[in-house]
Amino acid sequence: LARNPHDPQTYLRLGNLYLAIAENMQRVISNPPKNQQIDFSTLRTQISDNLDLAEENFQKAVSLYNNFGQALYNLAAVYDRKGELNEAIKQFEKLQGNNPNDPSIVFQLGLLYYRNNQKNNALAAWEKAVFLFPNYSNARWYLSLIFEERGDLKSALEQVKEIERLNPDNELVKQRLARLEAGQRV
């Protein structure tokens, strides 16, 4: 940064470092080592501090280069980890606006919408992901789930049949297909 304070890549790398530290600390909380005393309160504070530093660096990268896709994506990840879904969605919407034909971005945006109880937006996002890439099995899977949730078993079944065509040996797909064909909901 001393040599080139206007390089968004440097801020991206710093943000990545802080995000990785926070995620590794979260792994310790999720799966604490045996026979070691862990101060979970201190660890949670350190996670929060590292997420704040990651956010700050990703924001600097984006301020230097406003369609810096990796920085926007990682900033969304930070907001997601912090439980700030509305902010994560805003970053993904910017990212999607700069990459309107990328089905993976639209798919991820759908997941965030769904988790934020914006189910109509989630449905639209997953439909767009399938439109952009018809063989996108994950998007079809989530479409089938939202159709099933809405009681539209016919549409859910259509999606799962297409998934089976694309993944004929997948046992989970076969089980779900059998349940839907029998009229059973999850």
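Residues numbered from 1 in each chain as written. Predicted model: local features only at pLDDT ≥ 70, side-chain atom pairs only at ≥ 80, totals over all residues. Heavy atoms only, no water.

(A) Just the environment of Phe92, in detail. Position of Phe92 among the secondary structure elements: in helix 4 (residues 85-98). The buried category is assigned to Phe92, whose relative accessible area is 5%. Once you skip the residues sitting within four places of it in the chain, Phe92 turns out to touch Tyr73, Ala76, Ile105, Gln108, Leu109 and Leu112. (Helix = DSSP H or I, 4+ residues; strand = E, 2+ residues; numbered from the N terminus. Buried < 20%, exposed > 50% of the residue type's maximum accessible area, 1.4 Å probe, protein only. Contact = heavy atoms within 4.5 Å.)

(B) Seen up close, the packing of aromatic side chains. For the structure shown, the criterion picks out seven aromatic pairs. Between Phe107 and Tyr142 the ring centres are 5.6 Å apart and the planes differ by 65 degrees, which places this aromatic pair in the edge-to-face class. With Phe107 in helix 5 (residues 103-115) and Tyr142 in helix 7 (residues 137-149), this pair connects stretches of sequence that are 35 residues apart. With centroids separated by 5.2 Å and ring planes inclined at 40 degrees, the aromatic side chains of Trp126 and Tyr142 adopt a geometry described as tilted. On the criterion of sequence distance, the pair formed by Trp126 in helix 6 (residues 119-132) and Tyr142 in helix 7 is long-range, its members being 16 residues apart. (Phe/Tyr/Trp six-rings, centres within 6.5 Å; stacked < 30°, edge-to-face > 60°.)

(C) Region of the structure containing the nonpolar core. Ranked by size, the top nonpolar core spans 51 residues in total, and within it Leu19, Phe58 and Phe92 carry the most contacts. Residues contacting Phe58, with those up to four places away along its chain left out, are Leu12, Gly15, Asn16, Leu19, Ala71, Asn74, Leu75 and Val78. (Core = buried A, V, L, I, M, F, W, Y, C linked by side-chain atoms within 4.5 Å.)

(D) Representation of unusual backbone geometry in the model. Here Asn35, not a glycine, exhibits a phi torsion of approximately 60 degrees, which is positive. Examined against the element boundaries, Asn35 turns out to sit in the loop between helix 1 (8-30) and helix 2 (40-64). Taking the relative accessible area as the measure of exposure, Asn35 reaches 83% and is therefore exposed.

(E) Up close: the side chain of Glu55. Position of Glu55 among the secondary structure elements: in helix 2. Residue classification places Glu55 among the buried positions, given a relative accessible area of 14%. In this structure Glu55 touches Leu75, Val78, Tyr79 and Lys82, once residues within four positions along its chain are discounted.

(F) Spatial organisation of the pattern of salt bridges. Enumeration over the complete set of coordinates arrives at ten salt bridges. Here Arg81 ties to Glu23 by a salt bridge, and the two come within 2.5 Å at their closest N and O atoms. Of this pair, Arg81 sits in helix 3 (residues 69-81) while Glu23 sits in helix 1, and the two are 58 residues apart along the sequence. Given the relative accessible area of 23%, Glu23 is considered partly exposed. (Salt bridge = Lys/Arg side-chain N within 4 Å of Asp/Glu carboxyl O.)

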